[in-house]
Amino acid sequence: MRGILIAVGFLSLGVSSGLLISPIKAQTNPPVRTAGLEAQDTNASASLLGQFRTTVSSWMYFHADLYLHNGVEMRPLTEGEVKTGQRGVGGADDGHEKLVNDDAIVTVVPSRDADFRGLFGDIERATSAFKDMKGHKHNEPGATMPIFRLMTWIDPQFVPGWILGGMVIARDTSDAGTKKSIDFMEEGLKENPTSIDLLK
């Protein structure tokens, strides 16, 4: 009989402690707002719409970068390239180098001195948007602002659009430019309240 009472006591202690832990779970593991494609996964039509919005925003982001680099497609250095000491195209000489880190990017089509393909590399450089980007010039970043505004309207969860768009606006160092940049970033934060990138 005593053993049964002890077992019942342990059982009730286990049940009551489980009930006490449940309210703590909501505090230690709060619900996270999903962003981008995952936010649209409620049903098939919403998922397709979400994928379309994200695809269009990514396409516009890519083309804003293409405009900035005069139509030459760029890519970041790989880890292997960094380990072997390869350097990027180098900073631009037009005062826009604060907008992009040109020391960490190279042209998608390699330059002649970095290309092992010989004649085939020469053909690609002659038939694609390629030019030697060492000491290159950027186009005016402010002209891309309508693209950033449109991409964030199409997909408000596209965080890179908010970040780089805010940087473009902040190039105007006057009080009005600073206020516009902060307002733009705060609008992005309202759409993405859990984004650490926008909270920086």
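Just so you know, these numbers come straight off a predicted model, no measurement behind them.

Peer 1: Would you take a moment to explain the overall build of the protein chain for this structure?
Peer 2: Across its full length, the protein chain holds eight helices and two strands. At a minimum sequence separation of 6, the contacts of the protein chain that also span at least 24 residues come to 61%. Accessible surface, the protein chain as shown: approximately 13200 Å² in total, 64% of it carbon and sulfur.

Peer 1: What's the story with the nonpolar core in this structure? I'm lost.
Peer 2: Grouped burial of nonpolar side chains is what soluble globular proteins tend to show. The biggest cluster of nonpolar side chains holds 12 residues, and these are Met60, Ala64, Met145, Phe148, Met151, Phe158, Val159, Trp162, Val168, Ile169, Phe184 and Leu198. Secondary-structure elements contributing two or more residues to this core are helix 2 (44–68), helix 5 (145–154) and helix 6 (159–169). Per-element tally for this core: the top contributor is helix 6, with four residues. Apart from residues lying up to four places away in sequence, Phe184 is in contact with Met145, Arg149, Thr152, Gly161, Trp162, Gly165, Gly166 and Ile169.

Peer 1: Before we go on, may I ask you to explain the layout of surface pockets in this structure?
Peer 2: Empty space among the atoms can be located by rolling a probe the size of a water molecule over them. Of the voids in this model, the second largest pocket is the one considered here, and its volume is about 270 Å³. What lines the second largest pocket is a set of 18 residues, and nearest its centre among them are Gln86, Val106, Ser111, Ala114 and Lys134. The class makeup of the residues in the lining of the second largest pocket is seven nonpolar, four polar and seven charged.

Peer 1: Help me understand the confidence of the model for the protein chain, please; the structure alone is not making it clear to me.
Peer 2: When pLDDT drops low, the exact placement of atoms in the prediction is not to be read closely. Summarising the model, the protein chain shows a mean pLDDT of 76, and 68% of its residues fall at 70 or more. Taken element by element, the predicted model of the protein chain shows its lowest mean pLDDT in helix 1 (residues 2–28) (58) and its highest in helix 7 (residues 175–191) (91).

Peer 1: How should I be thinking about the pattern of salt bridges in this particular structure?
Peer 2: If the charged atoms of two oppositely charged side chains come close together, the side chains can form a pair. Enumeration according to the criterion identifies eight salt bridges in this entry. Note that Arg117 and Glu124 form a salt bridge whose closest N and O atoms lie 2.6 Å from each other. With a relative accessible area of 28%, Glu124 lands in the partly exposed category. Of the charged contacts in the structure, one is a salt bridge between Asp122 and Arg125, with a shortest N-O distance of 2.7 Å. Taken as a pair, Asp122 and Arg125 lie in helix 4 (residues 119–127) at a separation of three residues, close to a single helical turn. What makes Asp122 partly exposed here is its relative accessible area of 24%. Exposure remark for Arg125: the relative accessible area of 12% places this residue in the buried category. Taken together, the shared-partner salt bridges in this structure form one network comprising Arg112, Asp115, Arg117, Asp122, Glu124 and Arg125.

Peer 1: Can you walk me through the environment of Phe130 in this structure?
Peer 2: Inspection of the secondary structure puts Phe130 in the loop between helix 4 and helix 5. Remark: the alpha-carbon pair of Phe130 and Pro110, spanning 20 residues in sequence, is separated by 8.6 Å. Ignoring any residue separated from it by four or fewer positions in sequence, one finds Phe130 in contact with Thr107, Val109, Pro110, Ser111 and Arg125.

Peer 1: Quick question: what am I supposed to make of a nonpolar patch on the surface here?
Peer 2: Together, Leu119, Phe120 and Ile123 line one region of the surface with nonpolar side chains, adding up to about 350 Å² of accessible area. Within the fold, Ile123 resides in helix 4. Residue classification places Ile123 among the partly exposed residues on the basis of a relative accessible area of 43%.

Peer 1: Would you take a moment to explain the packing of helix 6 against helix 7 for this structure?
Peer 2: Each pair of packed helices can be summarised by the angle the axes make with each other and by the distance between the axes. Where helix 6 meets helix 7, the closest approach of the two axes is 8 Å, and the angle between their N-to-C directions is 170°. The orientation of helix 6 relative to helix 7 falls into the category roughly antiparallel. Between helix 6 and helix 7, the residues in contact are Gly161, Trp162, Ile163, Gly165, Gly166 and Ile169 and Gly177, Lys180, Ser181, Phe184, Met185, Glu187, Gly188 and Glu191, respectively. Of the residues belonging to the contact of helix 6 with helix 7, the class tally is five nonpolar, six polar and three charged.

Criteria and thresholds
Residues numbered from 1 in each chain as written. Predicted model: local features only at pLDDT ≥ 70, side-chain atom pairs only at ≥ 80, totals over all residues. Heavy atoms only, no water. Helix = DSSP H or I, 4+ residues; strand = E, 2+ residues; numbered from the N terminus. Contact = heavy atoms within 4.5 Å. Areas by Shrake-Rupley, 256 points an atom, 1.4 Å probe, with all protein chains shown as cover. Core = buried A, V, L, I, M, F, W, Y, C linked by side-chain atoms within 4.5 Å. Buried < 20%, exposed > 50% of the residue type's maximum accessible area, 1.4 Å probe, protein only. 1 Å grid on protein atoms, 1.4 Å probe; cavity = no way out; pocket = protein on both sides within 12 Å on 5 of 7 lines; lining within 4 Å. Points joined across faces, edges and corners; volume = space filled by probe spheres on them. Nonpolar A, V, L, I, M, F, W, Y, C, P; charged D, E, K, R; others polar. pLDDT = per-residue confidence, 0-100. Salt bridge = Lys/Arg side-chain N within 4 Å of Asp/Glu carboxyl O. Patch = residues over 30% accessible without salt bridge, like charges linked within 9 Å, V, L, I, M, F, W, Y side chains within 5 Å. Axes fitted to C-alpha atoms, helices over the stretch in contact; angles between N-to-C directions. Parallel < 35°, antiparallel > 145°, perpendicular 65-115°, else oblique.

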